[in-house]
Amino acid sequence: MSIIKQRVLPKTMRAAVPLAVLLGCGYLLSTKITLDTVMALPAQLAHITWQAWVASVALTVISLWAVGRYDGVAHAHFKTRIPNHQARWTGSMAIALAQTLGFGLFTGAVARWRILTDLSLPKAFQISAFVSLSFVISWVVVTALACIVLKGPNWAFWPSVGVLLAAPIFAWLLFRFPAFDFKRLSRRFDGVRLQFPTLRSAGALLLWAKMDTFAAAAAFFVLLPTDISPESAIGWAGFIPVFLLALGAALISNTPGGVGPFELALFTMLPQIPVDALLTSIVAFRLVYYAGPAACVLLALFIPFGAKPRHPPYPIPNLSEAPNSELGVIKQNGGYILADAKSAIAVWPTGQTLTALCDPIVGDAQTAIIALTAEAQTTGRMPFIYKSNSKTASIARARGWVVMHISDDALLTPVLFNLDTPARRGLRRKLRAAQKSGVMIQSATNPPWTQMAYVDAAWQTAHGSARGGTMGRFCPDYLSDHFIALAFCDDDLVAFATFQRCKHEWCLDVMRHTDQMPDGTMHALVTHAVQAAASAQIARVSLAATPACPDPSRAMFRWAAKIAVTRAGGPGLRQFKSAFAPSWQPRYAAAQNQPSLLLGLADIAREVHHPAQIEPVFPGVPIHNFHNVDENYELASQHAS
């Protein structure tokens, strides 16, 4: 019996609250509206000119057109790949029906599910909830702007100021936390992840909300009487905040069509307009904006779309044939291969951008950039290219993109690698120091994952959480196809280095060590890997990229660049890699415009410094983000036994 109460009572309350609001508003309106006013409505409606009716219908069409754009954003957010025109038409029809019948989440979801035959009911509910919530948030911002700029009611001033002050903070939160993993709350929510809209999507929703609500306000405004006294008239600028606030009352009430709160709010905020004239305009507006579109949609429900979603992205193929071995990092950062008949490129969905890593795997950069741009638009993101070579950067620049030199890749030719050169005397000194300390370097044919997990945990305890994004993190599944070099001192593993591998190249990836590591050990690990690559006839070894060290002319930019490079470990990394006397190949970032470039770079920085959690190395034991070295010893001993 208690279970029945727990399930039935909330549903009953949800249905009873709108009914109670409707009855309460009806009672309050009955004190303002007399029976004679209601009986005179037909005659009053007849006095509205045909030009006003036509203008109101046209503005209603514009409003519903803008409304459909919410669904276009929602389908991109959820990656349904429903054709954009079908998504928008469906949104217009679903919202037109839901705003008339009320219970918008349910009626809107059912309408979308009925019209789009290939859309599942759960996904329809997700889209309906996304559209409803995003519109309410957008309405809050638009209404606050209108109340400040157009001088709404006095009581709305300070709440509007609070909303506008909170808006930038909200935008920053969307950037800083693009998703929330519910697994952090409880393991029962494993796999449940809430993806927030991108800033681009949020901006689009705000734009469409403004167009929608302003067109709806205009559709009402043209129906207001023109034959009233000047004292009773209200201007367009003064009417918009009043209409938006009344619309908000209707949204919050959740009554069918907002009936009751909408009327009560208008009568309260427009006391200067005669009751009969205002009631006539309200009824006319409801006929045009609610009843008419809902009737058309009911007919359209009998002819649903035969939607054919576009093909989803290709799954990650075998990357052994890729020209850049570092593309293997997409196995850990949620990336995938974007492929069509002419090209394939590795892409990585960051918070605000869709980032293409390096250069096309197959095909030319021109085709790959076109595919990247289309895919970014489909997913509600901005296209961004990261760590491309000069050829791809030139093609992007020719297309009008903004290009920036961001890093330099340290490259070695293993078969030509010779220690006995003047440029590598510093490396020889480091190798001698490691040899004197008794460090033993060997390749890992059967990697000691437990000992490596301890080294990784000890390193994170000393240096902070491991970086991610474009940098690999310790995980046996991820490292299983890497070349791994191990460093032992007195039979204890003190350091290791891993290299991503493809047919023609190896690339330095994960480097970890303990505090007991002798000087020169990391140099010895990399040297061992280069010599192993030479034995395997690998054409090229990349020591990975280091941040570029620009020298801008302006002092402020020079100061900012120095800080950025220092925080990224640029000078130290370049000094370490320079010991191997590599050749330096410039790498570039590119985006459609300067703001997109800056946002893309900020996206990369956030993903690198605050990566999403990955699966634990051992079941039930999180290996990343250790903060207690004693726990690491305990972990290693448990698995060793």
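Because the structure is a prediction, the values reported are computed rather than measured.

## Here's the deal with the environment of Arg 176
Among the secondary structure elements, Arg 176 is positioned in helix α8 (residues 157-176). Apart from the residues lying within four places of it in its own chain, the contact partners of Arg 176 are Arg 606 and His 610. A distance of 3.2 Å separates a polar atom in the side chain of Arg 176 from a polar atom in the side chain of His 610.

## Observations concerning the pairing of strand β11 (residues 505-513)
With respect to burial, β11 is a largely interior element, eight of its nine residues being buried. Here strand β10 (residues 492-501) folds back onto β11, and the loop between the two strands holds three residues. Pairing of β11 with strand β12 (residues 540-547) involves three bridges; the strand directions are parallel. Bridge pairing in β12 links Trp 506 to Val 541. Chirality of the crossover, the property in question, places the unit of β11, helix α19 (residues 521-535) and β12 among those that are right-handed.

## What about unusual backbone geometry?
A positive phi is found at Asp 490, a non-glycine position, where the angle reads about 55 degrees. Looking at the element boundaries, Asp 490 is found in the loop between β9 (483-489) and β10. In this structure, Ala 581 takes a positive phi of about 50 degrees despite not being glycine. Structurally, the position occupied by Ala 581 is in the loop between α21 (570-578) and β13 (583-591). Residue classification places Ala 581 among the partly exposed positions, given a relative accessible area of 26%.

## Digging into a nonpolar patch on the surface
On the surface, Ile 169, Trp 172, Leu 173 and Phe 177 cluster together into a nonpolar patch covering about 420 Å² of accessible area. Tracing the backbone through its elements, the reader meets Ile 169 in helix α8.

## Here's the deal with helix α15 (residues 390-398)
Among the residues of α15, Thr 392, Ala 393, Ile 395 and Ala 396 are the ones counted as buried. One face of α15 carries all of its buried residues, which in axial projection span an arc of 160 degrees. With respect to the buried face of α15, the exposed residues turned more than 90 degrees away are Lys 391 and Ala 398. Close packing links the buried residues of α15 with α14 (365-378), β6 (382-388), β7 (402-412) and β13. Its side-chain oxygen at 3.2 Å from the backbone nitrogen of Lys 391, Asn 389 defines the N-terminal cap of α15. Following α15 by one or two positions, Gly 400 adopts a phi angle in the positive range, close to 90 degrees.

## Examining the environment of Ala 94
With respect to the helices, strands and loops of the structure, Ala 94 is situated in helix α5 (residues 84-101). Assessed through its relative accessible area of 0%, Ala 94 is described here as buried. Measuring from C-alpha to C-alpha, the distance between Ala 94 and Ala 109 comes to 7.6 Å, with 15 residues separating the pair along the chain. Apart from the residues within four sequence positions on either side, Ala 94 is in contact with Gly 108, Ala 111 and Arg 112.

## A look at a positive patch on the surface
Judged by side-chain charge, Arg 425, Arg 429, Arg 432 and Lys 436 come together as a positively charged surface patch. Note that Lys 436 resides in helix α16 (residues 425-436). Among the residues examined, Lys 436 registers a relative accessible area of 76% and is labelled exposed.

## Some thoughts on the confidence of the model for the protein chain
Residues with a pLDDT of 70 or more make up 80% of the protein chain, whose mean pLDDT is 82. Low pLDDT, under 50, characterises residues 1-9; the stretch is placed with two contacts to residues that sit more than four places away or in other chains. Contacts from residues 615-641, a stretch scored under 50 in pLDDT, to residues over four places away or in other chains number 40 contacts.

## Focus: the packing of aromatic side chains
Here the structure, examined in full by the defined rule, presents 25 aromatic pairs. Note on Phe 384 and Tyr 386: the rings are 6.4 Å apart at their centroids and 25 degrees apart in plane angle, and the pair reads as stacked. By relative accessible area, Tyr 386 is classed as buried at 14%. Considering the side-chain rings of Phe 474 and Phe 496, the 6.0 Å spacing of their centres and the 55 degrees angle between planes classify their relative orientation as tilted. Taken together, the residues Phe 474 in the loop between α17 (449-463) and α18 (476-479) and Phe 496 in strand β10 connect sequence positions 22 residues apart. Exposure class is identical for Phe 474 and Phe 496. Each is buried. Against the face of Phe 214 rests Lys 210, its NZ or CZ located 5.9 Å from the ring centre.

Conventions and cut-offs
Residues numbered from 1 in each chain as written. Predicted model: local features only at pLDDT ≥ 70, side-chain atom pairs only at ≥ 80, totals over all residues. Heavy atoms only, no water. Helix = DSSP H or I, 4+ residues; strand = E, 2+ residues; numbered from the N terminus. Contact = heavy atoms within 4.5 Å. Polar contact = N/O pair within 3.5 Å; in protein donor to acceptor, adjacent residues only side chain to side chain. Buried < 20%, exposed > 50% of the residue type's maximum accessible area, 1.4 Å probe, protein only. Pairing = 2+ DSSP bridges. Right-handed = clockwise from strand over helix to strand, strands pointing away. Patch = residues over 30% accessible without salt bridge, like charges linked within 9 Å, V, L, I, M, F, W, Y side chains within 5 Å. Areas by Shrake-Rupley, 256 points an atom, 1.4 Å probe, with all protein chains shown as cover. Salt bridge = Lys/Arg side-chain N within 4 Å of Asp/Glu carboxyl O. Arc of directions from axis to C-beta. Lys, Arg positive; Asp, Glu negative; His and termini not counted. Charge placed at Lys NZ, Arg CZ, Asp CG, Glu CD. pLDDT = per-residue confidence, 0-100. Phe/Tyr/Trp six-rings, centres within 6.5 Å; stacked < 30°, edge-to-face > 60°. Lys NZ or Arg CZ within 6 Å of the ring centre and 35° of its normal.

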